[in-house]
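# Observations on chain architecture
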Amino acid sequence: MSQKNITRVSGSQVKIDFVVTPDEAKPYLDQAVIDISTHSPLKGFRPGKATYENIARAYGEMKIWQQAFEKIARAQFMSSALAEDLDTIGTPSLEMEKLVPGNNIEFSMTVDILPSVERLADYSKTLLKWKPRVINEKDIADALKEMQNMHRVEVVADHEAKKEDLVVVDLDILKDNVLIEGGTSRGFKVYMNEAQYIPGFSDKLLGVKSGEERNFELPFPEDHFNKMLAGQQVKFNVTVKDIYELQLPDVNDAFAKKLGIDSLDTLKELLKKNIQDEANKKTDQSCEIELMDILIAKSAFSQIPELLINEEVRRMLLELEKGVDDQEMKMEDYLVSIKKTKDQLRVEFIPQAIKRIQSAILLKEIGKQEKCAVAEKDVDTEIDRILETIKQTDTETRERVSSPEYREYIT
């Protein structure tokens, strides 16, 4: 009968020592004989039909035992992990101690295990008070102003450009009298009362007339992704095409009716409700984050394997890259703009990665305590949703999201 001994070698690893008798190894040895004689048939025998003695004479008995060992080790490890309810991660390392035909097989396997909650915070007590933001008249007035702007009318003006106008220009941007890459824009709209990417740009256009040309210099933002331009004085050659006066509709009952609302008072009540709902949602999100921080601080966890931390950091980096890609930027340009390398980001991500892992472990433990369960169809739906956001050509990420390990993470 096989023997095993399980010891914790660190806060995140266990070592399992195995002793397997020849009798227990026999089914695997018999299969090894079939496999060897199938792939390397002996003369006079059909593939897979040579006997143990024939294969041992032809290739040596040790070859049979070596062939069988991989399946023996895998079966013993899986059996022990299931029997002892070990949440293992990654591939175990193997150390062979004795493999001699006719004798007990002795070996050990060391594997990382999922961290656990060693002390769970008492979440039955009130740990945090939900504090909703009270919506005031200014919130409603700001929302109405935004709706006004959405329904404004652009009317060609015959006056000089004012702070409330829209100025349409043709634009060339030069550095050292050389046109920069992407520095030409035709029909560029400048809303004079809105913040511009280049600070001070709209101020330089105050008082211009239609058809007028203006040349001026301004510094590019210090955080511009192109180091050759960041903080540098750049020349702007501007030709004014048109000036438009932005006419805002009056905010009254007629305005509300155009929006399908019977009166201005009803519109205000609807806006108040929508703004309050959105504020409550943001409060929920901030409370959730704060509550998790409190629970983590009041709980204790076993050591987190480096493998798990590295995987979470890698996942965070992928999330960042996708966000950068969604903004139609290149990751290389983004890294230049923040003056960091990927390796620097990986190091900076470690504390947050540990917190994310602890949050997942904590929620899993609370789920056990509260006997919560996740329906398989809900996990399928979430994975399908994530896959829809990943490009078909990104096979590596799609395979990772479809893996059993990621499924467990989502669950």
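Check the entry above for the structure.
One structure accompanies this document, and this report is about it. (Residues numbered from 1 in each chain as written. Predicted model: local features only at pLDDT ≥ 70, side-chain atom pairs only at ≥ 80, totals over all residues. Heavy atoms only, no water.)

Right, let's get into the packing of helix H6 (residues 264–298) against helix H9 (residues 342–369). Where H6 contacts H9, the axes come no closer than 10 Å and their chain directions differ by 85°. Of the possible angle classes, the one that applies to H6 and H9 is roughly perpendicular. Along its contact with H6, which presents Met 292, Asp 293, Leu 295 and Ile 296, the element H9 presents Lys 355, Gln 358, Ser 359, Leu 362, Leu 363 and Ile 366. Counted by class, the contact of H6 with H9 contains six nonpolar, two polar and two charged residues. (Axes fitted to C-alpha atoms, helices over the stretch in contact; angles between N-to-C directions. Helix = DSSP H or I, 4+ residues; strand = E, 2+ residues; numbered from the N terminus. Parallel < 35°, antiparallel > 145°, perpendicular 65-115°, else oblique. Contact = heavy atoms within 4.5 Å. Nonpolar A, V, L, I, M, F, W, Y, C, P; charged D, E, K, R; others polar.)

Turning to unusual backbone geometry, a few remarks are in order. With a phi angle near 55°, Asp 176 is a residue other than glycine that sits in the positive phi range. Among the secondary structure elements, Asp 176 is positioned in the loop between strand S7 (166–175) and strand S8 (178–191). Asp 176 sits in the exposed class, given a relative accessible area of 62%. Backbone geometry at Lys 371 places phi at a positive 55°, although glycine is not the residue there. If you trace the backbone, Lys 371 turns up in the loop between H9 and helix H10 (376–388). (Buried < 20%, exposed > 50% of the residue type's maximum accessible area, 1.4 Å probe, protein only.)

As a further point, take the nonpolar core. Judged by nonpolar contacts, the single largest core of 28 residues is most densely connected at Ile 55, Ile 64, Ile 105 and Phe 107. The set of elements that each furnish at least two residues to this core consists of strand S2 (13–20), helix H1 (22–39), helix H2 (52–59), helix H3 (61–83) and strand S4 (105–113). Discounting chain neighbours no more than four positions away, the residues touching Phe 107 are Ile 16, Asp 17, Phe 18, Val 20, Phe 69, Ala 73, Gln 76, Leu 94, Glu 95, Met 96 and Glu 97. Core analysis: the second largest hydrophobic core is formed by 24 residues, Met 331, Phe 349, Leu 362 and Ile 366 among them. (Core = buried A, V, L, I, M, F, W, Y, C linked by side-chain atoms within 4.5 Å.)

In space, the four strands of this open sheet follow the order S1-S2-S4-S3, with antiparallel pairing throughout. In this open sheet, the two strands that pair with only one neighbour each are strand S1 (3–10) and strand S3 (88–98). Sheet twist, expressed as the mean angle between neighbouring strand axes with direction ignored, is 20°. The sheet contact formed by S3 and S4 spans seven bridges and is antiparallel. The residue bridging Ser 93 from the neighbouring strand is Thr 110, located in S4. (Pairing = 2+ DSSP bridges.)

For H1, which comprises 18 residues, the first-to-last C-alpha distance of 24 Å matches the rise-based estimate of 26 Å (1.5 Å per residue) to within 8%. At Tyr 28, H1 shows its maximal bend, which comes to roughly 30°. Those residues of H1 not exposed but buried are Ala 25, Leu 29, Ala 32, Val 33, Asp 35, Ile 36 and Ser 37. Lining the buried residues of H1 we find S2, H2, H3 and S4. (Expected span 1.5 Å × (residues − 1). Bend = angle between axes of the 7 residues up to and from the residue.)

For the rest of this paragraph, the subject is the side chain of Arg 398. Among the structural elements, Arg 398 can be located in helix H11 (residues 395–401). We note that Arg 398 is buried and unpaired, the nearest opposite charge coming from Asp 384 at a distance of 7.8 Å. At 2.9 Å, the side chain of Arg 398 and the backbone oxygen of Leu 387 are in polar contact. The contact partners of Arg 398, leaving out residues within four places of it in the chain, are Leu 387, Ile 390, Lys 391 and Gln 392. (Lys, Arg positive; Asp, Glu negative; His and termini not counted. Salt bridge = Lys/Arg side-chain N within 4 Å of Asp/Glu carboxyl O. Polar contact = N/O pair within 3.5 Å; in protein donor to acceptor, adjacent residues only side chain to side chain.)

Take a negative patch on the surface next. Side chains of Asp 253, Asp 262, Asp 265 and Glu 269 sit close together on the surface and give a patch of like negative charge. Tracing the backbone shows Asp 253 in helix H5 (residues 253–258). (Patch = residues over 30% accessible without salt bridge, like charges linked within 9 Å, V, L, I, M, F, W, Y side chains within 5 Å. Areas by Shrake-Rupley, 256 points an atom, 1.4 Å probe, with all protein chains shown as cover. Charge placed at Lys NZ, Arg CZ, Asp CG, Glu CD.)

Enumeration according to the criterion identifies 28 salt bridges in this entry. Of the charged contacts in the structure, one is a salt bridge between Glu 311 and Arg 314, with a shortest N-O distance of 2.2 Å. Linking Glu 311 with Arg 314, this pair stays in helix H7 (residues 306–326), spanning three residues, or about one helical turn. The exposure class assigned to Glu 311 is partly exposed, which follows from its relative accessible area of 27%. One salt bridge connects Glu 319 with Arg 356, and the closest N-O pair in it is separated by 3.0 Å. Highlighted residues: Glu 319 in helix H7 and Arg 356 in helix H9, separated in sequence by 37 residues. On the basis of relative accessibility, which here comes to 42%, the residue Glu 319 falls in the partly exposed class. Overall, Arg 356 belongs to the partly exposed group, its relative accessible area being 23%. A network of salt bridges, in which partner residues are shared, links Glu 311, Glu 312, Arg 314, Arg 315, Glu 319 and Arg 356.

So, on to the packing of aromatic side chains. According to the stated counting rule, one finds six aromatic pairs in the structure shown. Plain terms: the ring middles of Phe 69 and Phe 107 are 5.1 Å apart, the flat faces sit at 90° to each other, and that makes the pair edge-to-face. Note that Phe 69 is positioned in helix H3 and Phe 107 in strand S4, a separation of 38 residues in sequence. Residue Phe 69 shares its accessibility class with Phe 107, and that shared class is buried. The interplanar angle of 25° and the centroid separation of 5.7 Å between the aromatic rings of Phe 216 and Phe 236 together place this pair among those described as stacked. Here Phe 216 is found in strand S9 (residues 213–219), whereas its partner Phe 236 is found in strand S10 (residues 233–247), with 20 residues between them in sequence. Counting every residue linked through ring pairs, the aromatic cluster contains Phe 201, Phe 216, Phe 220 and Phe 236. (Phe/Tyr/Trp six-rings, centres within 6.5 Å; stacked < 30°, edge-to-face > 60°.)

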